[in-house]
Protein chains: 2
Amino acid sequence: MALDEPLRMDSPTLAERDQQLKAEQGVSDVSPMRLRMEKFVKEQQKLIVQALQEVDGAKFRVDEWQRKEGGGGITCVLQDGNVFEKAGVGVSVVYGTLPKPAILKMRANHKNIADGDNIPDSLEFFAAGLSLIVHPKNPMAPTVHLNYRYFETANPDGSPGAWWFGGGCDLTPCYLFDEDAVQFHKAIKDVCDKHDKEYYPRFKKWCDDYFYNKHRGEGRGVGGIFFDDLDESVSDRENLFAFVQDALKSFLPTYIPIVNRRKDMPFTEKEKEWQQVRRARYVEFNLVHDRGTAFGLNTPGARVESILMSMPLTASWRYMYEPEPKSREARLVEVLKNPKDTSIERNDNPLRRVPPTHRHLLTTLHVLFPALVLPALDLLDRGLVARVVLAGADPEEGKKKQQQCHQQQRQCEGQHISANDDDGGDDDNRRRDCAAFYLVGSASAAAAIPGFTV
Amino acid sequence: MALDEPLRMDSPTLAERDQQLKAEQGVSDVSPMRLRMEKFVKEQQKLIVQALQEVDGAKFRVDEWQRKEGGGGITCVLQDGNVFEKAGVGVSVVYGTLPKPAILKMRANHKNIADGDNIPDSLEFFAAGLSLIVHPKNPMAPTVHLNYRYFETANPDGSPGAWWFGGGCDLTPCYLFDEDAVQFHKAIKDVCDKHDKEYYPRFKKWCDDYFYNKHRGEGRGVGGIFFDDLDESVSDRENLFAFVQDALKSFLPTYIPIVNRRKDMPFTEKEKEWQQVRRARYVEFNLVHDRGTAFGLNTPGARVESILMSMPLTASWRYMYEPEPKSREARLVEVLKNPKDTSIERNDNPLRRVPPTHRHLLTTLHVLFPALVLPALDLLDRGLVARVVLAGADPEEGKKKQQQCHQQQRQCEGQHISANDDDGGDDDNRRRDCAAFYLVGSASAAAAIPGFTV
């Protein structure tokens, strides 16, 4: 042995063995689950980052990091974008050592982590997962959170020990659009049902129970699924991996259409303020109740900025902020306080109440202007249309009316709907007395309202 | 006994006895400490609310509330004021029952709460305290937090059991002005020294240890004092009450001059952004580490809005937000990461480095313009003065230059210093490339900069 080689008394670690395996054989369907999960979440991270960038137009910042205690990850964050206030997509692949107290704790759910009569002082472990959180700017577009992870321990002799999968995905709107919640739940249910009909009801309840702001007596959002400790007592490893893969892969086709529907909807400053208040509830859940965040923040050497990428860019705590009775804000709170409320599962479409004699009119309009009629009905529904200006056939006449619009708008200190209104909430108080003014006058005047050009 | 009177088998509760005592005899120096502390904190609440209102101009909202499990309080909040983003001053007076596990836990610090061989299943307790938190709008003005409280238990036979005082006061600047930190600590030290020379060093260290954002490796602020469990092992009850009274009474004369010095200082949007990032650290401490907040949020029937009045109105989580090297922001972080740094205790006044031959010039200026010279030096120190316009004796000439100022300002998209700039931080990115422009041109042009009219 050459003198400059360190003397090694111990056998190679799990990390070293995996490195060697990857270098020699690559990763295939017969590789250890550790390598397959790592490969899968890294591929998915790239796809998700790419898709969110396409929606936003801005780029993610990509940080690769190493944890000096073992392992590392890739954290991708898009901040202050066009569509997203903050979007974080993180992968972590950690090799480490579990101390005895952690082993004893894990034995509660995983008997085969160690022989009860012979608990070792420490065990090597592997953990790989993908976490993402997306906070859109538009208060009509919901926040989404997702996490899928795989955990495995190695026995002292190097053989595989216990393993399990965990994860889930949940939606947190500031304004409840039933169709979004229904579509989100349906997509998840379809994935679950494909693997086991019992998954969806069980994991949906787990999600409602877990993402609950106990001190507020309300759910964080409208739910989704959440599960942990899925091991051989639930299904075999291949089946569970297939389920987790399907669940993660279903994220983009589910969320992207929702955010595309909402990202350019008009909104008022007051609605942005409500979003900021709801963001604060999100912070409260993550910092007070979320076990993952608490675990992360208490882990020595953890990368705090990767853990807290879940925090919204901005949040607001307004003392005794109560939504007005029967408002859309009040309806959200009502649903969050009564998670058993099934309204989001019945497709409670108010258009069903339109008399049959008038339905064909709406249908015709919708066929002619597929992207415009529903947002327009939403504006009407919220009682936000104060004045309708019809641009006449005479262009001069139209221009004049448009100028009137602009003038009135200025008198209102510029409170117009804008889908990307960046103003903070501090000056809302001063403007509150000014009647809301919606500029739905002409194509050019409405240029500031993407997706709304009638 | 009349039939409509409820049959009472039990003796009157502590709350009932105190009510009767107050009604019959009022509250004096010979009353039980419970009543004296309640009277004292309620008086102080009124004085503090009044003084903060005078500084701000806006009024506090006052909410009296009852806790159905026993006791109640008065929560006063001023939100979105002229000087204060949010100021909360709360008093709570709680009568309740300690369950056995709580008694066992408290025995660790208070042996006389119950006889070790005979722990009762429950004990009546009393707790009264005042909490306050003030978040000023101006990033140059520091946040302050204060809490003083008294706790007492009653033995099963109704006789007084254990008692103790707790509390403290600490300062959290976003920009460190040594003179503020020095003045704050000196005032507290003077109060402590008056009662016991060992208090200040002991309680200062306790404060540094307690208000520590462990996951960030930095203190929440520049400290102050913190103590708990001050009972007969420390001093007698009269002396401790006198100490707590002096400490609470010293708040207004200490903090008001600090906030008056800072509230109208000019600041940039970038500095406001830094304040928002620091606000988020404040939220992290309160929700992740503060035992009082955690205890409150986990107490059934607690008034959540009173507990969370400590939250700032707005906060911002920016991924990987790093201050520039050697900036004022970096200096703050350096001090917070090294709480043993004594720079805030040495009065490290850079004016001492002015050559003796020039000192009389500064002294003369300071005598002539006592409110203006130090802020002007601060602007120079921060390298923020790009152009100085001297208003000539000719008024027309002055007006012309002033117009130039305004024009240049518009080109800069209006980034001028304003002491009450309400714009949110979202559009900071777009303006960042625009060189900072400080309007220190003429009296009228500087009208937007209160306290800075040269």
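Structure first, text after, so check above.
Residues numbered from 1 in each chain as written. Chains lettered and ligands numbered in written order. Predicted model: local features only at pLDDT ≥ 70, side-chain atom pairs only at ≥ 80, totals over all residues. Heavy atoms only, no water.

Undergrad: Even after reading the chapter, I still don't get the pattern of salt bridges, so can you show me in this structure?
TA: Side-chain pairing between opposite charges can occur once the charged atoms of the two side chains come close. Under the definition given, this model contains 65 salt bridges over all chains. Where Asp209 of chain A meets Lys205 of chain A, a salt bridge forms, and the shortest distance between an N and an O atom there is 2.7 Å. Separated by four residues within a single helix, Asp209 of chain A and Lys205 of chain A lie in helix H5 (residues 199–210), roughly one turn from each other. Of the residues examined, Asp209 of chain A reaches a relative accessible area of 47% and is grouped as partly exposed. The residue Glu284 of chain B makes a salt bridge to Arg216 of chain B at a minimum N-O spacing of 2.8 Å. Of this pair, Glu284 of chain B sits in helix H8 (residues 269–289) while Arg216 of chain B sits in the loop between strand E7 (212–213) and strand E8 (218–219), and the two are 68 residues apart along the sequence. Given a relative accessible area of 1%, Glu284 of chain B falls into the buried group. Several salt bridges share partner residues, and in doing so they unite Asp18, Arg34, Glu152 and Arg237 of chain A into one network. (Salt bridge = Lys/Arg side-chain N within 4 Å of Asp/Glu carboxyl O. Helix = DSSP H or I, 4+ residues; strand = E, 2+ residues; numbered from the N terminus. Buried < 20%, exposed > 50% of the residue type's maximum accessible area, 1.4 Å probe, protein only.)

Undergrad: Please clarify how the packing of aromatic side chains should be interpreted in this entry.
TA: The geometry of an aromatic ring pair comes down to the distance between the two centres and the angle between the two planes. According to the stated counting rule, one finds 46 aromatic pairs over all chains in the structure shown. Here the aromatic rings of Phe203 of chain B and Trp206 of chain B are separated by 6.3 Å at their centres, their planes lie at 50°, and the arrangement is tilted. A residue pair is termed a helical-turn pair when its members lie 3 or 4 positions apart in one helix, as Phe203 of chain B and Trp206 of chain B do in helix H5 (residues 199–210) at three residues. Following the ring pairs from residue to residue traces out a cluster consisting of Tyr148, Tyr199, Phe203, Trp206, Tyr210, Phe211, Phe226, Phe227, Phe243 and Phe285 of chain A. (Phe/Tyr/Trp six-rings, centres within 6.5 Å; stacked < 30°, edge-to-face > 60°.)

Undergrad: Before we go on, may I ask you to explain H8 of chain B in this structure?
TA: Along an α-helix, residues three or four positions apart point the same way, because every turn accommodates 3.6 residues. Taking 1.5 Å per residue as the helical rise, H8 of chain B with its 21 residues ought to reach 30 Å, and the 30 Å between its terminal C-alpha atoms agrees with that figure. Counting buried positions over the 21 residues of H8 of chain B gives 18, a clear majority of the element. (Expected span 1.5 Å × (residues − 1).)

Undergrad: Would you explain the sheet that holds strand E4 (residues 122–136) of chain A in this entry?
TA: Sheet strands associate in pairs through backbone hydrogen bonding, adopting either a parallel or an antiparallel arrangement. Residues and elements named next belong to chain A. Ordered in space as E1-E2-E3-E4-E5-E6-E9, the seven strands form an open sheet in which the pairing is antiparallel. At either end of the open sheet lies a strand with only one pairing partner, and these are strand E1 (61–66) and strand E9 (223–230). Taken over all neighbouring pairs, the strand axes of this sheet differ in orientation by 10° on average, direction set aside. Examined bridge by bridge, E4 and strand E5 (residues 143–154) share 11 bridges and lie antiparallel to one another. Opposite Ala128, over in E5, you have Tyr150 as the bridge partner. Contacts from helix H4 (residues 178–195) reach E5, strand E6 (160–172) and E9 within the one sheet, and its direction differs from that of E9 by about 30°. Across the sheet, H5 lies against E6 and E9, angled at about 100° from E9, the strand it touches most. (Pairing = 2+ DSSP bridges. Axes fitted to C-alpha atoms, helices over the stretch in contact; angles between N-to-C directions. Contact = heavy atoms within 4.5 Å.)

Undergrad: Looking at this structure, I do not really get the packing of H4 of chain A against helix H6 (residues 237–249) of chain A. What am I missing?
TA: When two helices pack together, you describe them by how their axes are tilted relative to each other and by the distance separating the axes. All names here are of chain A. One way to put it is that H4 packs onto H6 with a least axis distance of 10 Å and a crossing angle of 165°. Considering their axes alone, H4 and H6 lie roughly antiparallel with respect to each other. The hand of the H4/H6 crossing is right-handed. Along the contact surface, H4 presents Val191, Cys192, Lys194 and His195, while H6 presents Asn239, Ala242, Phe243, Asp246 and Ala247. (Parallel < 35°, antiparallel > 145°, perpendicular 65-115°, else oblique. Left-handed = near helix turned anticlockwise from the far one by under 90°.)

Undergrad: What am I meant to see in the relation of the copies chain B and chain A here?
TA: Relating one copy of the chain to the other takes a rotation about an axis and a shift parallel to that axis. When chain B is fitted onto chain A, the two copies agree to an RMSD of 0.1 Å after a turn of 180° and an axial shift of 0.0 Å. In the structure described here, the two chain copies are related by an operation that fits a two-fold rotation axis. A symmetric contact is evident, with 100% of the interface residues of chain B recurring at the interface of chain A. (Least-squares fit on C-alpha atoms with pLDDT ≥ 70 in both.)

Undergrad: Looking at this structure, I do not really get the interface of chain B and chain A. What am I missing?
TA: When the parts of a complex come together, some accessible area is lost, and that lost area is often taken as the interface size. Of the residues lining the interface, 38 residues belong to chain B; the matching set on chain A comes to 38 residues. Carbon and sulfur atoms supply 50% of the area buried between chain B and chain A, which totals about 3800 Å² over both sides. Here chain B is connected to chain A by four salt bridges. In this structure, the salt-bridge partner of Glu305 of chain B is Arg216 of chain A, at a minimum N-O distance of 2.7 Å. Between the two partners, chain B and chain A, sit 17 residue pairs in polar contact (both at pLDDT 80 or more). Per element, the largest residue contribution to the side of chain B that touches chain A is five residues, and it comes from H8 of chain B. For the side of chain B that touches chain A, a count of residues per class yields 14 nonpolar, eight polar and 16 charged. Strand direction decides the pairing type here: strand E10 (residues 314–316) of chain A and strand E10 (residues 314–316) of chain B, joined by three bridges, are antiparallel. Each residue of the ladder has a partner; that of Ser316 of chain A, found in E10 of chain B, is Thr314 of chain B. (Buried area = accessible area lost by both parts, 1.4 Å probe. Polar contact = N/O pair within 3.5 Å; in protein donor to acceptor, adjacent residues only side chain to side chain. Nonpolar A, V, L, I, M, F, W, Y, C, P; charged D, E, K, R; others polar.)

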